[in-house]
Amino acid sequence: MILRPEIQFSSAFPDDSVEGETDLVQWPGRNIAEVIKAGLEARGYRVSEPIHAHEHGWELDIWRGRKRLWLQVSVLDAEVNYLMAENMTFFLWRDANLFRTFLSDLQSVLEADDRFSRVGWFAKGGIDRDEAPAAGPFDV
């Protein structure tokens, strides 16, 4: 099974960046991270407040029980946005079943909000390799 934890999408969210005198004080994408946070919480995950990662965008730490997942939201402009998910469930091995469930739940969150459009899913590093996007996070 091929997992696709990298997502490229367009959005209809307003620019929520904050500019200082010479540079950005707050990078855009917090509003996207908050919508994803609310959608994942409605599906039973415990999610941190969005974490400002400066030029990388916004991060979310996500838990199901004691197992942790991670998501980064990066906004380049309304047409080009990225999500990157990581399976952080280290103990002796990663919980692949939980990560598949998480990616499926993330797909449901994105599909439930029409502000997300042209959503394409990629294997790790696939965006950089000009790989064709898939319609979902994994092959069944």
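Please read all numbers here as calculations on a predicted model, not as lab measurements.

The number of helices and strands found in the protein chain is two helices and nine strands. Against the 2.2 N^0.38 benchmark of 14 Å for 140 residues, the protein chain shows a C-alpha radius of gyration of 15 Å, consistent with a compact globule. Within the protein chain, buried positions represent 44% of all 140 residues. Considering only contacts in the protein chain between residues 6 or more positions apart, those separated by 24 or more positions represent 52%. For the protein chain, the exposed area adds up to about 7,800 Å²; of that, 52% sits on carbon and sulfur atoms. Side-chain charges in the protein chain split into 15 positive and 24 negative, and the spacing between the mean points of these groups amounts to 11 Å.

This part is about helix 2 (residues 96–111). Along an α-helix, residues three or four apart share an orientation, since each turn contains 3.6 residues. Over its 16 residues, helix 2 runs 23 Å from end to end, which matches the ideal 22 Å to within 8%, given 1.5 Å per residue. Looking at helix 2, one finds that the buried residues are Leu98, Phe99, Phe102, Leu103, Asp105, Leu106, Gln107, Val109 and Leu110. The inward-facing, buried residues of helix 2 abut strand 1 (6–11), helix 1 (30–42), strand 6 (58–64), strand 7 (67–75), strand 8 (81–87) and strand 9 (116–122). N-capping of helix 2 is provided by aspartate 95, with a side-chain oxygen placed 3.3 Å from the backbone N of asparagine 97.

Before going further, it helps to examine the side chain of glutamine 72. Examined against the element boundaries, glutamine 72 turns out to sit in strand 7. At a separation of 3.3 Å, a polar atom in the side chain of glutamine 72 contacts the main-chain carbonyl oxygen of histidine 56. Within the structure, the side chain of glutamine 72 is placed 3.1 Å from the side chain of serine 74, a separation counted as a polar contact.

Below, the discussion takes up the nonpolar core. Ile36, Ile62 and Phe102 are the most contacted members of the largest nonpolar core, which has 27 residues in total. Counting only elements with at least two residues in this core, the list comes to strand 1, helix 1, strand 6, strand 7, strand 8, helix 2 and strand 9. Counting residues per element, this core draws most heavily on helix 2, which supplies seven residues. Discounting chain neighbours no more than four positions away, the residues touching isoleucine 36 are Leu60, Leu71, Val73, Leu83, Leu106, Val109, Leu110 and Phe116.

This brings us to the packing of helix 1 against helix 2. Put simply, helix 1 and helix 2 touch, their axes get as near as 9 Å, and they point 120° apart. As the angle between them shows, helix 1 and helix 2 are arranged oblique. Here helix 1 and helix 2 pass one another in a crossing that is right-handed. Each of Val35, Ile36, Gly39 and Leu40 in helix 1 lies in contact with helix 2, whose residues at this interface are Phe102, Leu106, Val109 and Leu110.

Parameters and conventions
Numbers given for residues are sequential positions, taken from 1 along each chain in its written order. Residue-level local features of this predicted model are given only where pLDDT is at least 70; pairs of side-chain atoms are given and counted only at 80 or more, and the full residue set underlies all totals for whole chains, interfaces and linings. Values reported for side chains reflect all heavy atoms of the structure, with hydrogen atoms and water molecules removed beforehand. Secondary structure follows DSSP: runs of H or I at least 4 residues long count as helices, runs of E at least 2 residues long count as strands, and numbering of each begins at the N terminus. Values of the radius of gyration come from C-alpha atoms, whereas the globule rule sets the reference at 2.2 Å times the count of residues to the power 0.38. Under the scheme applied here, a residue whose accessible area is under 20% of the maximum for its type counts as buried, over 50% as exposed, and between as partly exposed, the area being computed with a 1.4 Å probe on protein chains only. Contacts are residue-level and defined by heavy atoms, with any inter-residue pair within 4.5 Å sufficient. Using the Shrake-Rupley algorithm and a 1.4 Å probe, accessible areas are obtained, with residue cover drawn only from the displayed protein chains. We treat Lys and Arg as the positive residues and Asp and Glu as the negative residues; His and chain ends play no part in the count. For charged residues, the charge sits on one atom: NZ in Lys, CZ in Arg, CG in Asp, CD in Glu. One fewer than the residue count of a helix, multiplied by 1.5 Å, yields its expected span. Pairs of N or O atoms are called polar contacts if they sit within 3.5 Å, as long as, within protein, a hydrogen donor faces a hydrogen acceptor (for residues adjacent in sequence, only side-chain-to-side-chain pairs). Here the nonpolar core consists of buried residues drawn from Ala, Val, Leu, Ile, Met, Phe, Trp, Tyr and Cys, with membership extended through side-chain atoms lying within 4.5 Å. Geometry is summarised by axes, namely lines fitted to C-alpha atoms with helices restricted to the contacting stretch, and by angles between N-to-C directions that run from 0 to 180 degrees. Angle categories: roughly parallel below 35 degrees, roughly antiparallel above 145, roughly perpendicular from 65 to 115, and oblique for all the rest. Note: crossing handedness is left-handed where the near helix turns anticlockwise from the far helix by less than a right angle, and right-handed where it turns clockwise.

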